[in-house]
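This is what each chain is made of:
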Amino acid sequence: DDGLLETLAGKGVIDADEYQQLKAQQARQERTAATFSADKGLMLATGDGTYTLQFGVFQQIDFAAFDADGSDLSDGTLLRRSRLALGGKLGDDWQYRFQYEFAKASAAITDAYVTYSGFKPFSVTIGQAKLPFSMESLSSAAGTTFIERGLPAYVVSPILRAPGVQLARAGRRWSLAASATGEPLGDSASGDEGWGLAARATFAPYVAGHRVVHLGLGVNWRKPTQDNSGTTPSTSAVAFTARPESNQAPNFLNSGSLLDTTSYRLSDAEFATAFGAASLQGEYMWIDVQRDNGRDDLAFKTWYAQLAYTLTGETRTYNVAKGVFDGIKPAHPLGTDGWGAFEAAARLSRLDLDDGSVSSGNEHDMTLGLSWYLTPYLRVNANYVKVLKLDGGPYDGQKPSIYEMRVQLSF
Amino acid sequence: DDGLLETLAGKGVIDADEYQQLKAQQARQERTAATFSADKGLMLATGDGTYTLQFGVFQQIDFAAFDADGSDLSDGTLLRRSRLALGGKLGDDWQYRFQYEFAKASAAITDAYVTYSGFKPFSVTIGQAKLPFSMESLSSAAGTTFIERGLPAYVVSPILRAPGVQLARAGRRWSLAASATGEPLGDSASGDEGWGLAARATFAPYVAGHRVVHLGLGVNWRKPTQDNSGTTPSTSAVAFTARPESNQAPNFLNSGSLLDTTSYRLSDAEFATAFGAASLQGEYMWIDVQRDNGRDDLAFKTWYAQLAYTLTGETRTYNVAKGVFDGIKPAHPLGTDGWGAFEAAARLSRLDLDDGSVSSGNEHDMTLGLSWYLTPYLRVNANYVKVLKLDGGPYDGQKPSIYEMRVQLSF
Amino acid sequence: DDGLLETLAGKGVIDADEYQQLKAQQARQERTAATFSADKGLMLATGDGTYTLQFGVFQQIDFAAFDADGSDLSDGTLLRRSRLALGGKLGDDWQYRFQYEFAKASAAITDAYVTYSGFKPFSVTIGQAKLPFSMESLSSAAGTTFIERGLPAYVVSPILRAPGVQLARAGRRWSLAASATGEPLGDSASGDEGWGLAARATFAPYVAGHRVVHLGLGVNWRKPTQDNSGTTPSTSAVAFTARPESNQAPNFLNSGSLLDTTSYRLSDAEFATAFGAASLQGEYMWIDVQRDNGRDDLAFKTWYAQLAYTLTGETRTYNVAKGVFDGIKPAHPLGTDGWGAFEAAARLSRLDLDDGSVSSGNEHDMTLGLSWYLTPYLRVNANYVKVLKLDGGPYDGQKPSIYEMRVQLSF
């Protein structure tokens, strides 16, 4: 498209010298002129796009009511997540992102990293980012189908993010990522700090339009923070806990500190597929704990499988480079030309923490969910969680029902 | 106003086709071009004004010195409020606002809401916002006449904001608002969470230029968080406390936890008027507490009345839609063409927490204030609080004097 | 440079009236048009530059490993600093800056001030800012040569910033600053709050191109928060502690609370010089403590001297108005046309806390450092600290080695 200067020069209103000079002036002005758009969060950019600053806001207010046989759990509201983020580009090959969580009594950093994409075809991330492990855990918490992720996510979440180095590479149908990390920032356990290695490979054998089939494998090996006092039993430990897919409920399952742990490994197999408005997603995870000082090694298992259908026809977009689905964007938002998008979903999940000398119980949950995406920024969820089976722990044998609602704003 | 393209087209320098094409190009550029202005805080907007992002900063540093008979209160400085906020528009009918308070040891969210104004004539607010109750409590803390609000505000402030739903509507001379809310975000009392209903109506029988008469009525009914342990006395309780209009002083009045409270109600009558540089404002509030397990119901009273005069002639702007005064803006700021604005003010206030079986004392205060509004963003206050009467509690019979100063930056 | 309107008017394509009108229109548009640049952090400005908003991000993730005879210190990572800042101009003579630190369990404000430069030649700062004392402490933590400042900085850092008033003035070769302040915001010691006076003068006898000689003198007198309980010994106290130039190590020296302190004074002499890529910097500090209730007065000493050389030739820029060096900016950043800048450095430092009745020990450290400035925003450091001598305290007689690394992003 010709601009005004081109048009005037073409007509001879301004001559070639004047054109050059005015064009250069225009380019200088455009470089410092800011652009501000709402396409990718609220993003500020220099005119040439070299430097950008995205403002991220992520807020979730929940309400939950409980119906448990023989126990009176506390109904009420919860500020589940309350995050602010800054991110963007610092020159062409440098990306950065810093996100803070203010929902808890002490503010905490979540994302804190810089990514360099100048060593092509690899990208190198330094700082605290999500470990490359588990499709559902890597999906943005703003875009997950249900109010809370399924039971396997509780095993991943204590070290969802950690500081270190991550290498990633992706093709048109696959992605690979590997990381070496310490303990999460803010962790204050005493002893020599724990560390770990994680890797994930994804492959999409079929990608066409609104249809995709996804396969993934991941492994997450960690050595917990090591007791360096020399006494026995060592306090080197890992603990697995799980709430019943409501963050307002207590931990229904809790292994307590598994002392004398030298290392543990999570292994994960992922399958997902989307056909238009329908999608299916599941993961199966193996947990292996190595212990010394005469304690037995342990093996636990956990999985979930979920089905979702967008009643208004929107599809879950597949992000090949990250091997995850992005969330639903309503085609006809409330306030413009419609009522937003509606989605129905169902999930089964299970976590079994019984093995050898450890009987921490096992749980089997069903969740039904309905989501209303009012605008690209605002979402309301209603979930019903039914504990189908619960063995062990203080709620042994009970089958609580949980009614949850969430209002979420995110950009 | 004709622009360059219109001028060139009118002269035939460019033809109609070229004009259309260049005009469309210009419109595209303007849509993504950012505007940044200081008129309403520091506000960034897309060229078409559909999306905006306001950066709010609100900082107060106080100094107080005490002169109490027989008690040595601690003189010194205090970071009273230290808040950052993001707010703005996400499309034409959607407003949002998130504000965080960093003055306390644990960061806390204050405002956290989205307002939809597409269901005209109503606006619907979802999230945590101020309850529609009490003119002085609804006025921005950046614009209140004195360093601290009067004694009735201490009764309102424990649940100044809470998460829920609010409906509002306003006419040219009136406003109506009602809300249903839970307990404030971050509250961690155990038991089934408390909730409440609040409503407020305001009417301005006279509004003309710099003159206004304001009347208001409000009610705020709440059920505190309910003890669900089944034991007696129940810990379901409300407590009323009040500092002597200095946040660096201890609570001179303190009811302690009024156990076995099933519900309580605040009722408020407001009167205010502004005539040019002079203004008068007052509220009278009734506090009624319902209790069970054989405890007596309680009724307390509190009120304030205040007078302000802007020595430099500026007027308090009345915001009809919200039924509150906005703060003073200096006509001649320091650094441009003057020394800013000066305001003198006086206030009487009273809180009586004696009734039936409860003798928590009563207090009567006088406050004199002088404010210097250096610029629209910067304000310095000096207040003198004299406790005229204080019965009950650890300072029973004393009449402390308090000397307070504040430096405030807000935008 | 002529713009398009000037060119068209010069050619008679538009007439004088049209020119005036279009020019005025252009000026109006430019005033609200935002500019966004990365030259001085990420800065947003109104078109006329009257109002600006800088977004500051300052993040440091550290790793340290310890090698101590007979003690097992905990190796690991640390979020050392995690700060967000907003600053800029609110009209021509008003600057503001607010910075928050999120690296600790409770978020805290660091900078919180407004500076007015309308009373020329003085600038007046109100709020919490760094006290005018000690070159190394006044240098931005993002630009210091080593991972941690030398031992004298641990004496300054408990009251690095405090709320109050500061006056400053500078010439072409000198600077003067003085402040009166209370205790740092967030401090919650009981009793009448402490306060202090500080002043610093700097002089650069030689400044030419990349060469500078700097001299400085400072004094920092403080009265600690006063016990007003009337009991003996009074809890009015000061304490001096020092880590061995690693924030992940414990305090190797610790005086504990020096009770009955009425006041203390730090006095500082500074010398620094830069010749091209080489620079030398040192400070000598005297600590004098006045005590009553029969306790002896105390006098301690501390100093550091450091040498730095930029292998890639960049020079430390000298900021005359503040009397400090700004950090290194790489001439050829990674991602554009090079590998960034490299700097090697060495430091000796000493702190002696033995005097009179107090034997808190003394320490002598050597530090070797290598810095890689990848881009103007990103820096990686490696430091080796060797404790040459350590008398007193729990590590008495040991000579630990500390291996430190840091990744830093700041803008």
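It should be emphasised that the depicted structure is a prediction, and the values quoted were computed from it without experimental measurement. (Residues numbered from 1 in each chain as written. Chains lettered and ligands numbered in written order. Predicted model: local features only at pLDDT ≥ 70, side-chain atom pairs only at ≥ 80, totals over all residues. Heavy atoms only, no water.)

1. What about the overall build of chain A?
Working step 1: Broken down by element type, chain A carries 4 helices and 22 strands.
Working step 2: In chain A, once contacts between residues fewer than 6 apart in sequence are set aside, the share between residues at least 24 apart is 57%.
Working step 3: Within the structure as shown, chain A displays about 16300 Å² of accessible surface, and the carbon and sulfur contribution to it stands at 56%.
Working step 4: Positive and negative side-chain charges in chain A, numbering 37 and 46 respectively, have mean positions lying 3 Å apart. (Helix = DSSP H or I, 4+ residues; strand = E, 2+ residues; numbered from the N terminus. Contact = heavy atoms within 4.5 Å. Areas by Shrake-Rupley, 256 points an atom, 1.4 Å probe, with all protein chains shown as cover. Lys, Arg positive; Asp, Glu negative; His and termini not counted. Charge placed at Lys NZ, Arg CZ, Asp CG, Glu CD.)

2. Some thoughts on the interface of chain A and chain C
Working step 1: In this complex, chain A contributes 47 residues to the contact, which on the side of chain C involves 44 residues.
Working step 2: Approximately 3500 Å² of surface area, both sides summed, lies buried where chain A meets chain C, with 69% of it carried by carbon and sulfur atoms.
Working step 3: The largest share of the area that chain A buries against chain C comes from Leu 90, Trp 94 and Tyr 100 of chain A, three residues that together contribute 15% of it.
Working step 4: Where chain A touches chain C, the interface holds 1 salt bridge.
Working step 5: The partner of Glu 18 of chain A in a salt bridge is Lys 11 of chain C, and the shortest N-O contact between them spans 3.1 Å.
Working step 6: At the boundary of chain A with chain C, the tally comes to 10 residue pairs in polar contact (both at pLDDT 80 or more).
Working step 7: Those elements that provide at least two residues to the side of chain A that touches chain C are helix H1 (4–10), helix H2 (16–32), strand E2 (42–46), strand E3 (52–67), strand E5 (94–101), strand E6 (108–116) and strand E7 (123–130) of chain A.
Working step 8: It is H2 of chain A that contributes the most residues to the side of chain A that touches chain C, 6 residues altogether.
Working step 9: Residues that form the side of chain A that touches chain C fall into these classes: 29 nonpolar, 11 polar and 7 charged. (Buried area = accessible area lost by both parts, 1.4 Å probe. Salt bridge = Lys/Arg side-chain N within 4 Å of Asp/Glu carboxyl O. Polar contact = N/O pair within 3.5 Å; in protein donor to acceptor, adjacent residues only side chain to side chain. Nonpolar A, V, L, I, M, F, W, Y, C, P; charged D, E, K, R; others polar.)

3. Comments concerning the pairing of strand E16 (residues 298–310) of chain C
Residues and elements named next belong to chain C.
Working step 1: Residues Leu 298, Phe 300, Thr 302, Tyr 304, Gln 306, Ala 308 and Thr 310 of E16 are buried on one face, while the alternating residues Ala 299, Lys 301, Trp 303, Ala 305, Leu 307 and Tyr 309, pointing to the opposite face, are not.
Working step 2: Judged from the 12 bridges that link them, strand E15 (residues 278–291) and E16 form a sheet pairing that is antiparallel. Bridge pairing in E16 links Asp 288 to Ala 299.
Working step 3: The pairing of E16 with strand E19 (residues 341–355) spans 10 bridges and is antiparallel. Bridge pairing in E19 places Ala 308 opposite Ala 345. (Buried < 20%, exposed > 50% of the residue type's maximum accessible area, 1.4 Å probe, protein only. Pairing = 2+ DSSP bridges.)

4. Re the pattern of salt bridges
Working step 1: Taken as a whole, this structure holds 51 salt bridges over all chains when the rule is applied.
Working step 2: Across the salt bridge formed by Glu 6 of chain B and Lys 23 of chain B, the nearest N and O atoms sit 2.8 Å from each other. Taken as a pair, Glu 6 of chain B in helix H1 (residues 4–10) and Lys 23 of chain B in helix H2 (residues 16–32) lie far apart in primary sequence, 17 residues in all.
Working step 3: Here Arg 265 of chain C and Asp 288 of chain C are joined by a salt bridge, their closest N and O atoms 3.3 Å apart. Taken together, the residues Arg 265 of chain C in strand E14 (residues 261–275) and Asp 288 of chain C in strand E15 connect sequence positions 23 residues apart.

5. Regarding the relation of the copies chain B and chain C
Working step 1: Take chain B, turn it by 120 degrees, move it 0.0 Å along the axis, and it overlays chain C with an RMSD of 0.1 Å. Seen this way, the second copy is the image of the first under a three-fold rotation axis. (Least-squares fit on C-alpha atoms with pLDDT ≥ 70 in both.)

6. As for a nonpolar patch on the surface
Working step 1: Nonpolar side chains collect at one region of the surface, where Trp 174, Leu 176, Phe 203, Leu 215, Phe 271, Leu 280 and Leu 307 of chain A lie side by side and expose about 610 Å² of accessible area between them.
Working step 2: One can find Phe 203 of chain A in strand E10 (residues 195–208). (Patch = residues over 30% accessible without salt bridge, like charges linked within 9 Å, V, L, I, M, F, W, Y side chains within 5 Å.)

7. Quick look at the packing of aromatic side chains
Working step 1: Tallied over the entire structure, the rule returns 57 aromatic pairs over all chains.
Working step 2: On the basis of an interplanar angle of 75 degrees and a centroid distance of 6.2 Å, the ring pair of Tyr 377 of chain B and Tyr 51 of chain C is categorised as edge-to-face. Linking Tyr 377 of chain B in the loop between strand E20 (358–373) and strand E21 (378–391) with Tyr 51 of chain C in the loop between strand E2 (42–46) and strand E3 (52–67), this pair reaches from one chain into another.
Working step 3: Of the residues examined, Tyr 377 of chain B reaches a relative accessible area of 10% and is grouped as buried.
Working step 4: We note Arg 347 of chain B situated over the ring of Phe 146 of chain B; from NZ or CZ to the ring centre the distance is 4.4 Å. (Phe/Tyr/Trp six-rings, centres within 6.5 Å; stacked < 30°, edge-to-face > 60°. Lys NZ or Arg CZ within 6 Å of the ring centre and 35° of its normal.)

8. Concerning H2 of chain B
Working step 1: For H2 of chain B, which comprises 17 residues, the first-to-last C-alpha distance of 25 Å matches the rise-based estimate of 24 Å (1.5 Å per residue) to within 8%.
Working step 2: All of the buried residues in H2 of chain B are Tyr 19, Leu 22 and Gln 25 of chain B. Along the axis of H2 of chain B, the buried residues cluster in a sector spanning 135 degrees; they form a single face. Residues of H2 of chain B that are exposed and angled more than 90 degrees away from the buried face: Ala 16, Asp 17 and Gln 20 of chain B.
Working step 3: Tucked into the core, H2 of chain B has its buried residues touching H1 of chain A together with H1 of chain B.
Working step 4: Capping of H2 of chain B at its N-terminal end is provided by Asp 15 of chain B; its side-chain oxygen lies 3.1 Å from the backbone amide nitrogen of Asp 17 of chain B. (Expected span 1.5 Å × (residues − 1). Arc of directions from axis to C-beta.)

9. Comments concerning the interface of chain B and chain C
Working step 1: Taken together, the contacts link 44 residues of chain B with 47 residues of chain C.
Working step 2: Counting the surface chain B buries against chain C, the share from its top three residues, Leu 4, Phe 36 and Phe 102 of chain B, is 17%.
Working step 3: Along the contact surface separating chain B from chain C lie 1 salt bridge.
Working step 4: Of all the elements in the fold, those that place two or more residues in the side of chain B that touches chain C are H1, strand E1 (34–37), strand E2 (42–46), strand E3 (52–67), strand E4 (76–89) and strand E22 (401–410) of chain B.
Working step 5: Tallying contributions element by element places E4 of chain B first for the side of chain B that touches chain C, with 7 residues.
Working step 6: Looking at the side of chain B that touches chain C residue by residue, the class counts come to 26 nonpolar, 11 polar and 7 charged.

10. Section: the environment of Asn 381 of chain B
Residues and elements named next belong to chain B.
Working step 1: On the secondary structure map, Asn 381 appears in strand E21.
Working step 2: Considered as a pair, Asn 381 and Gln 408 are 27 residues apart in the sequence and their alpha carbons are 8.3 Å apart.
Working step 3: Residues contacting Asn 381, with those up to four places away along its chain left out, are Thr 145, Phe 146, Ile 147, Leu 370, Ser 371, Glu 404, Met 405 and Arg 406.
Working step 4: A distance of 3.3 Å separates polar atoms of two side chains, one belonging to Asn 381 and the other to Ser 371.
Working step 5: Within the local environment of Asn 381, its side chain forms a polar contact with the side chain of Arg 379, the two groups lying 3.2 Å apart.

11. Some thoughts on empty space enclosed by the protein
Working step 1: With the rule as written, the count across this model stands at 11 cavities of 30 Å³ or more.
Working step 2: Roughly 340 Å³ of volume is contained in the largest cavity.
Working step 3: The wall of the largest cavity is formed by 21 residues, among which Leu 84 and Leu 86 of chain A, Leu 84 of chain B together with Leu 84 and Leu 86 of chain C lie closest to the centre.
Working step 4: Counting only elements with at least two residues in the lining of the largest cavity, the list comes to E3, strand E4 (76–89) and E5 of chain A, E4 of chain B together with E3, strand E4 (76–89) and strand E5 (94–101) of chain C.
Working step 5: The calculated volume of the second largest cavity comes to roughly 100 Å³.
Working step 6: Taken together, 13 residues make up the lining of the second largest cavity; nearest its centre are Ala 112, Val 114 and Ile 126 of chain A together with Ile 61 and Val 407 of chain C.
Working step 7: If you list the elements that add at least two residues to the lining of the second largest cavity, you get E6 and E7 of chain A together with E3 and strand E22 (401–410) of chain C.
Working step 8: Class assignment of the residues belonging to the lining of the second largest cavity gives a composition of 9 nonpolar, 4 polar and no charged. (1 Å grid on protein atoms, 1.4 Å probe; cavity = no way out; pocket = protein on both sides within 12 Å on 5 of 7 lines; lining within 4 Å. Points joined across faces, edges and corners; volume = space filled by probe spheres on them.)

12. Re the pairing of strand E1 (residues 34–37) of chain C
Residue and element names in this part refer to chain C.
Working step 1: Pairing of E1 with E2, which is carried by 4 bridges, proceeds in the antiparallel orientation. Its bridge partner lying in E2, Thr 35 is registered against Ala 45.
Working step 2: Hairpin remark: E1 followed by E2, antiparallel, with 4 residues in the connecting loop; positive phi at Gly 41, about 65 degrees.

13. Let's talk about the nonpolar core
Working step 1: Of all hydrophobic cores here, the largest spans 91 residues; its most connected members are Leu 44 of chain A, Leu 44 of chain B together with Leu 44 of chain C.
Working step 2: Beyond its immediate stretch of four places on either side in the chain, Leu 44 of chain B contacts Phe 36, Leu 44 and Phe 55 of chain A, Ala 34, Thr 35, Phe 36, Tyr 51, Thr 52, Leu 53 and Phe 55 of chain B together with Leu 44 of chain C. (Core = buried A, V, L, I, M, F, W, Y, C linked by side-chain atoms within 4.5 Å.)

14. Overview of the side chain of Arg 406 of chain A
Residue and element names in this part refer to chain A.
Working step 1: Considering the arrangement of structural elements, one finds Arg 406 in strand E22 (residues 401–410).
Working step 2: Among the polar contacts made by the side chain of Arg 406, one reaches the side chain of Gln 60 at a distance of 3.5 Å.
Working step 3: One polar contact links Arg 406 to Glu 148, side chain to side chain, over a distance of 3.1 Å.
Working step 4: Other than its neighbours up to four places away in sequence, Arg 406 contacts Gln 60, Ile 61, Asp 62, Arg 80, Arg 81, Ile 147, Glu 148, Arg 379, Val 380 and Asn 381.

15. Side note on unusual backbone geometry
Working step 1: At the junction of Thr 232 of chain A and Pro 233 of chain A, the peptide bond is cis and its omega measures out at -5 degrees in the coordinates.
Working step 2: Assignment of secondary structure puts Pro 233 of chain A in the loop between strand E11 (211–223) and strand E12 (241–242).
Working step 3: Here the amide bond leading from Lys 120 of chain B into Pro 121 of chain B is cis, since omega sits at 0 degrees, within 30 degrees of zero.
Working step 4: In this structure, Pro 121 of chain B sits in the loop between strand E6 (108–116) and strand E7 (123–130).
Working step 5: Here Asp 260 of chain B, not a glycine, exhibits a phi torsion of approximately 60 degrees, which is positive.
Working step 6: Structurally, Asp 260 of chain B can be placed in the loop between strand E13 (253–254) and strand E14 (261–275).

16. With respect to the confidence of the model for chain A
Working step 1: With 100% of its residues at a pLDDT of at least 70, chain A reaches an overall mean of 94.
Working step 2: Overall fold confidence for the complex sits at a pTM of 0.95, while the interface term, ipTM, reaches 0.94. (pLDDT = per-residue confidence, 0-100.)

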